[in-house]
Structure formats: C-alpha cells, structure tokens
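# Residue-level structure breakdown
Each chain, written out:
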Amino acid sequence: MQNPKTAPPRSGQPMRIAPSLLSAKFARLGEEVSAVIEAGADLIHFDVMDNHYVPNLTIGPLVCEAIKPYATVPIDVHLMVKPVDALIPMFAEAGASIISFHPEATEHIDRTIRLITASGCKAGLVLNPATPLQGLDHVLDQLDLVLLMSVNPGFGGQSFIESVLPKIEAVRRRIDASGRDIWLEVDGGVKPGNAARIGAAGADTLVAGSAVFSGGRYRDAIDAIRSQALQGRHAMEGCPA
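Presented here is an overview of the structure given in this document. Since this is a predicted model, take the numbers as computed values, not measurements. (Residues numbered from 1 in each chain as written. Predicted model: local features only at pLDDT ≥ 70, side-chain atom pairs only at ≥ 80, totals over all residues. Heavy atoms only, no water.)

### Regarding the environment of aspartate 223
For aspartate 223, the position within the fold is in helix H8 (residues 218–237). Sequence spacing of aspartate 223 and proline 192 is 31 residues, and the spatial spacing of their C-alpha atoms is 9.1 Å. (Helix = DSSP H or I, 4+ residues; strand = E, 2+ residues; numbered from the N terminus.)

### Focus on the pairing of strand S7 (residues 183–187)
S7 sits mainly inside the fold: five of its five residues count as buried. Of the two faces of S7, both are covered, the one formed by Trp183, Glu185 and Asp187 as well as the one formed by Leu184 and Val186. Relative to S7, strand S6 (residues 145–149) is paired through five bridges, and the arrangement is parallel. By the bridge assignment for S7, leucine 148 is matched with valine 186. Across three bridges, S7 lies against strand S8 (residues 205–208) in parallel orientation. Looking at the pairing, valine 186 lines up with leucine 206 of S8. With helix H6 (residues 192–201) bridging S7 and its parallel neighbour S8, the resulting β-α-β unit is right-handed. (Buried < 20%, exposed > 50% of the residue type's maximum accessible area, 1.4 Å probe, protein only. Pairing = 2+ DSSP bridges. Right-handed = clockwise from strand over helix to strand, strands pointing away.)

### Some words on the sheet that holds strand S5 (residues 122–127)
An order of S1-S8-S7-S6-S5-S4-S3-S2 is seen for the eight strands of this open sheet, with the pairing classed as parallel. Of all the strands in the sheet, the pair left with one neighbour each is strand S1 (16–19) and strand S2 (44–49). Across this sheet, the average inter-strand angle for adjacent strands is 25°, counted without regard to direction. As defined by bridge partners, S5 adjoins S6 across four bridges and the pair is classed as parallel. Each residue of the ladder has a partner; that of leucine 127, found in S6, is leucine 148. (Axes fitted to C-alpha atoms, helices over the stretch in contact; angles between N-to-C directions.)

### A word on the pairing of strand S3 (residues 75–80)
Of all the six residues making up S3, six are buried; the element is thus mostly covered by neighbouring parts of the structure. Burial along S3 is two-sided: Ile75, Val77 and Leu79 facing one way and Asp76, His78 and Met80 facing the other are all buried. Traced from S2 through helix H2 (residues 61–67) to S3, the parallel crossover comes out right-handed. Relative to strand S4 (residues 98–101), S3 runs parallel, the two sharing four bridges. Paired with aspartate 76 across the two strands is isoleucine 98, which belongs to S4.

### Re H8
A rise of 1.5 Å per residue sets the reference length of H8, with its 20 residues, at 28 Å; its end C-alpha atoms lie 29 Å apart and thus fit the reference within 8%. The complete set of buried residues in H8 reads Tyr218, Ala221, Ile222, Ile225, Arg226, Ala229, Gly232, Arg233 and His234. On its buried face, H8 is in contact with S1, helix H1 (29–38), H6, S8 and helix H7 (210–213). (Expected span 1.5 Å × (residues − 1). Contact = heavy atoms within 4.5 Å.)

### Things to note about unusual backbone geometry
The residue after lysine 82, namely proline 83, is reached through a cis peptide bond having omega 0°. Structurally, proline 83 is set in the loop between S3 and helix H3 (87–94).

### With respect to the nonpolar core
Ranked by internal contacts, the top residues of the largest apolar core, which has 67 residues, are Phe46, Val77, Ile99, Ile168 and Leu206. Counting residues per element, this core draws most heavily on helix H5 (residues 165–178), which supplies five residues. Contacts of isoleucine 99, omitting those with residues within four sequence positions, involve Val77, Leu79, Ile88, Phe91, Ala92, Ile116, Cys121, Lys122, Ala123 and Gly124. Core analysis: the next-biggest nonpolar cluster, separate from the first, contains ten residues, Ala18, Val126, Leu145 and Trp183 among them. (Core = buried A, V, L, I, M, F, W, Y, C linked by side-chain atoms within 4.5 Å.)

Below you can see the structure in the form of structure tokens.
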C-alpha cells in the first residue's frame with residue numbers, strides 16, 4: 001500500500017475482498033485460510049474482540065501466528081480491544097500486515113498510529129456507524145486504511161446499516177481530496193445484494209464473513225461480491241462495466 005502524492009483514478013483500482021475469519025470453521029482454520037485464498041481472497045480479515053470494548057471474545061496473537069504459514073496474502077488485523085497499544089507489537093510479531101484500531105480504544109490516536117507503523121505494519125483507523133468523521137482530518141495523512149463499520153461491532157452475521165452509505169461517500173471525498181492512496185474498507189453485513197451500493201459509495205475493500213463462509217462455495221461468493229461492487233463503481237463513474 002503506497003501513498004503517492006497523486007492517488008490513481010478509482011476506475012483503475014482493484015476491488016479487494018477480505019473474508020472475515022470470524023465466520024470460518026475454527027476447528028480447521030488453516031484449511032479455511034488456504035481455501036478462501038485459493039478462491040480469490042485478497043486479504044484475510046482477522047477480528048480481535050476482548051469482551052470489554054465489544055461484547056464478545058475471539059482470538060489473539062497465537063492464532064494469528066498459527067495461520068500465518070497458510071496466509072499467502074496480507075493478514076488484516078482489526079483490533080476491537082481497549083486498551084489497544086500493548087497488543088500492537090504482539091500482532092506485528094505474529095504476522096499481521098495491517099493493524100486497525102478504534103479511536104475510542106486509545107488516549108492518543110497519533111501515538112497508536114505511530115506505534116503500528118514503527119512495528120512494521122500498515123495503519124488503519126476504524127469508525128463505528130455513529131462515530132463522527134472529524135477525527136480523520138487530523139490523522140488522515142498518517143493512515144494507510146480507513147475501515148468503516150457498517151454494523152455495530154461485536155458479532156458476525158448482522159445486517160448492513162444503510163445509513164452508513166453516505167458516510168462511505170464522505171470518507172471517499174476526504175481520501176480523494178488528500179491525493180493519497182488510502183484504502184477504504186467496509187465491514188459488516190456485506191453481501192452480493194448490497195455490494196453494488198457499497199462500491200458505488202466509494203469503498204475499495206470489502207470485508208465479508210458469513211456471505212463467504214456460510215454457503216461453502218467460496219469462489220462463487222467472492223466473485224459475486226467483487227463483481228457487484230465493481231458494477232456499482234462503474235455505474236457511479238459512468239464507465240462501462
């Protein structure tokens with residue numbers, strides 16, 4: 001993920017799909033990672049919940065380290081934990097490529113971003129559906145990724161919150177105005193039926209859990225989400241699909 005002075009036009013950018021391991025079969029996690037990568041996954045989304053910041057408890061650095069040999073694509077770690085700083089070096093050492101955190105989880109957002117980059121990872125900031133965008137204006141030039149939650153974090157299988165679509169559009173405008181190649185990721189309730197609207201709003205990276213893992217046909221699911229998201233982007237830009 002580079003940050004050139006001028007970001008490429010969106011029509012030339014890829015549409016990345018990041019299956020969320022939260023919906024995978026945990027008894028065979030390594031096999032699941034290999035299977036979705038073979039099916040076309042661009043990233044592996046790794047959700048970390050602490051039963052404190054969010055009402056659920058999931059997986060930690062040891063699991064990240066265990067799946068690393070199976071992950072031939074970047075591991076995209078989403079930390080839903082508070083406090084967050086102590087876990088960042090642990091996940092970097094365990095094999096994370098990208099580490100994202102919520103602004104509410106730290107006293108010093110700038111310091112946490114710098115900790116991530118100093119650990120050798122790309123830095124992402126996560127905004128919940130009701131979190132205002134103004135905080136982005138002070139740190140956007142330090143970020144590699146903005147992750148917008150389209151559900152309230154804590155559990156997989158929730159329905160997409162439609163009111164997040166204008167928020168995606170607003171963040172896309174901020175990123176485009178910055179001239180930086182910052183990924184705009186959306187997580188929560190993503191499926192083929194809404195991927196076109198999400199792509200049209202400006203997202204370029206879509207996290208999908210149950211929409212990928214529940215049906216068993218991983219390639220079909222990933223292809224459908226990517227195709228619909230790209231169609232939405234092309235329709236918004238007035239380009240042929």
